[in-house]
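Topology and contacts: notes
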Amino acid sequence: MSVLELRSARRAAVRRLDAPVASAASPVEAADRPWLDQILVGDCIAQLEKLPRHSVDLVFADPPYNLQLGGDLVRPDQSKVDAVDDDWDRFESFEAYDAFTRAWLLAVRRVLKPSGALWVIGSYHNIFRVGAKLQDLGFWILNDVVWRKANPMPNFKGKRFTNAHETLIWASRDREAKGVTFNYEALKVGNDDLQVRSDWLFPLCTGSERLKNADGDKLHPTQKPEALLWRILTATTKPGDVVLDPFFGTGTTGAVAKRLGRHFVGVEREHAYVEHARARIDAVRPAPEEGLAGVTPKRSEPRVPFGSLVEAGLIAPGTRLTDARRRHAALVRADGSLAVGPESGSIHRMGAAVQGLEACNGWTFWHVETEGGLAPIDVLRQRIRSALTAVPA
């Protein structure tokens with residue numbers, strides 16, 4: 001296949017890869033999607049009915065935990081702990097909580113794109129009930145992730161283990177969902193070339209990040225740290241995606257989404273939270289577009305066979321390739337094969353043959369002489385890939 005044929009075959013994929021980063025709604029988007037980058041005030045289920053079907057790429061949900069507190073919690077010095085005792089966390093029974101959970105899950109499932117996914121976070125009080133409802137409604141669990149808190153609240157009564165973690169469930173819209181975003185390569189690079197595990201260590205939201213009310217007290221009892229949402233959005237969304245948070249609270253999801261060039265839509269019924277969330281998000285400065293570009297997955301890069309380098313004139317027939325230490329040599333043929341003595345084959349097959357190995361990555365094993373010295377032939381392959389993904393003037 002020639003370079004021109006490769007260019008044509010990859011054009012559609014290139015358009016997708018080079019889609020512009022969107023950090024704020026354009027005039028067209030604002031008119032077509034007036035809910036974009038907005039906080040919808042009111043009951044989450046009623047407000048979600050206003051959103052179009054299949055309009056959201058990702059949902060992050062931090063629903064009420066239904067903590068079932070039986071009285072005030074005090075420290076050993078008899079000072080009261082600022083626990084979650086708000087009305088929005090109270091339910092008459094497990095049955096009432098289950099009905100509420102089913103209702104909001106159905107609402108977010110309707111607005112999720114077929115390739116979309118859901119994150120939901122909770123404690124032992126509610127996460128297992130939520131997980132069961134997820135499965136009952138057809139969601140497909142991809143991972144459960146443990147957020148291990150670096151600074152958990154002690155167990156003051158000394159009758160149980162310290163609650164030092166919360167659980168997140170990551171689920172696709174259904175079992176057969178295709179195209180669910182998972183930026184595996186980028187995550188691995190950011191983790192010093194190690195796979196990111198399902199146990200995450202982050203501190204609780206403290207210091208200047210914690211929003212306070214006029215009295216200097218915590219505005220919201222369960223405000224999540226931005227680092228947690230940063231991990232979620234960089235792992236499972238792309239720039240320009242729409243992220244829905246049906247329990248918006250103080251706007252952590254919106255703040256991180258804006259900073260990362262994603263759109264958001266939040267739903268929140270408590271007016272006090274809405275006011276502070278809007279001010280918080282308005283103060284966020286989005287990262288520059290060039291700072292949002294991530295690692296391109298290998299499987300998304302245009303496939304370039306070695307013969308394309310010969311066709312493009314980057315390597316002439318008759319050129320001799322060597323390994324980095326010049327111990328082995330091979331002759332390039334016009335058809336893109338390599339010859340070593342009487343044997344010939346692909347760059348990979350001949351690289352393995354001269355070393356007596358079962359397999360070899362010929363792109364990094366074989367080198368070509370350049371003005372600056374020996375260079376792996378993979379450098380030339382990248383030239384063709386750059387041409388294939390270049391945006392026409």
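Residues numbered from 1 in each chain as written. Predicted model: local features only at pLDDT ≥ 70, side-chain atom pairs only at ≥ 80, totals over all residues. Heavy atoms only, no water.

The condition that has to hold: UniProt positions are given in the numbering used here, feature names are shortened, and annotations may be inferred rather than shown by experiment.
As named in an unreviewed UniProt entry, the protein is Methyltransferase, taken from Oharaeibacter diazotrophicus. UniProt's Catalytic activity (unreviewed entry) comment on the protein is quoted here verbatim: "a 2'-deoxyadenosine in DNA + S-adenosyl-L-methionine = an N(6)-methyl-2'-deoxyadenosine in DNA + S-adenosyl-L-homocysteine + H(+)". Under Sequence similarities (unreviewed entry), UniProt gives the following word-for-word description of the protein: "Belongs to the N(4)/N(6)-methyltransferase family."

Quick look at the environment of L219
Here is the rule: Elements are defined by DSSP. Helices are runs of H or I of four residues or more, strands are runs of E of two residues or more, and each kind is numbered from the N terminus. Throughout this description, buried means an accessible area under 20% of the type-specific maximum (1.4 Å probe, protein chains only), exposed means over 50%, and partly exposed covers the range between. Contact criterion: two residues are considered in contact whenever any of their non-hydrogen atoms come within 4.5 Å of each other.
Tracing the sequence through the fold places L219 in the loop between strand 6 (199–202) and helix 7 (226–236). For L219, a relative accessible area of 11% gives the class buried. Distance in space between the C-alpha atoms of L219 and H276 is 8.9 Å, their sequence separation being 57 residues. Sequence-distant contacts of L219, that is, excluding residues within four places in its chain, are made with L211, K212, N213, T250, Y273 and H276.

Thoughts on the packing of helix 4 (residues 94–111) against helix 5 (residues 127–136)
Let me state the cut-off plainly: All axes here are fitted lines through C-alpha atoms, helices being fitted over the stretch that makes contact, and every angle between N-to-C directions spans 0 to 180 degrees. These descriptions rest on fixed angle ranges, namely under 35 degrees for roughly parallel, over 145 for roughly antiparallel, 65 to 115 for roughly perpendicular, and the rest for oblique. Crossing handedness: left-handed means the near helix sits turned counterclockwise from the far one by under a right angle, and right-handed means the same turn made clockwise. Classification used: nonpolar for Ala, Val, Leu, Ile, Met, Phe, Trp, Tyr, Cys and Pro, charged for Asp, Glu, Lys and Arg, polar for all others including Gly.
In the contact formed by helix 4 and helix 5, the axes pass within 10 Å of each other and the chain directions differ by 45°. Here helix 5 runs oblique to helix 4, going by the angle between their axes. As for how helix 4 packs across helix 5, the hand of that crossing is right-handed. When helix 4 is examined against helix 5, the residues F94, Y97, D98, T101 and L105 are found in contact with a partner set consisting of R129, V130, K133 and L134. A breakdown of the residues in the contact of helix 4 with helix 5 according to their chemical character gives five nonpolar, one polar and three charged.

Describing the pairing of strand 6
Under the convention used in this document: Strand pairing follows a simple DSSP-based rule, namely that at least 2 bridges must link the two strands.
Burial of strand 6 is one-sided: the residues W200 and F202 facing one way are buried, the residues D199 and L201 facing the other way are not. As judged from the four bridges shared by strand 4 (residues 140–149) and strand 6, these two strands associate in the parallel manner. Pairing of W147 across the sheet is with W200, part of strand 6.

Here we look at the pairing of strand 7 (residues 242–245)
Filter applied, for reference: A crossover counts as right-handed when, viewed with the strands pointing away from the observer, the path leading from the first strand over the helix to the second turns clockwise.
Side chains V242 and L244 project from strand 7 onto one buried face, and the interleaved V243 and D245 project onto a second face that is buried too. Strand direction decides the pairing type here: strand 2 (residues 56–61) and strand 7, joined by two bridges, are parallel. Residue V59 lies in a different strand from strand 7, and its bridge partner there is L244. Both strand 7 and strand 8 (residues 263–268) contribute to a ladder of four bridges, which runs parallel. Opposite V242, over in strand 8, you have H263 as the bridge partner. The parallel pair strand 7 and strand 8 is bridged by helix 8 (residues 252–259), and the resulting crossover is right-handed.

Concerning the packing of aromatic side chains
Describing an aromatic ring pair means giving the distance of the ring centres and the angle of the ring planes. Filter applied, for reference: Aromatic pairing here means that ring centres of Phe, Tyr or Trp (its six-membered ring) are within 6.5 Å. Orientation follows from the plane angle: under 30 degrees is stacked, over 60 is edge-to-face, and everything else is tilted. Any Lys NZ or Arg CZ found within 6 Å of a ring centre and within 35 degrees of that ring's normal is scored as a charge over the ring.
According to the stated counting rule, one finds 11 aromatic pairs in the structure shown. For the pair F365 and W366, a centre-to-centre distance of 4.8 Å together with 75° between the ring planes defines the contact as edge-to-face. Sitting over the face of the ring of F139, R109 holds its NZ or CZ atom 5.5 Å from the ring centroid. Lying over the aromatic face of W147, K149 brings its terminal NZ or CZ to 5.3 Å of the ring centre.

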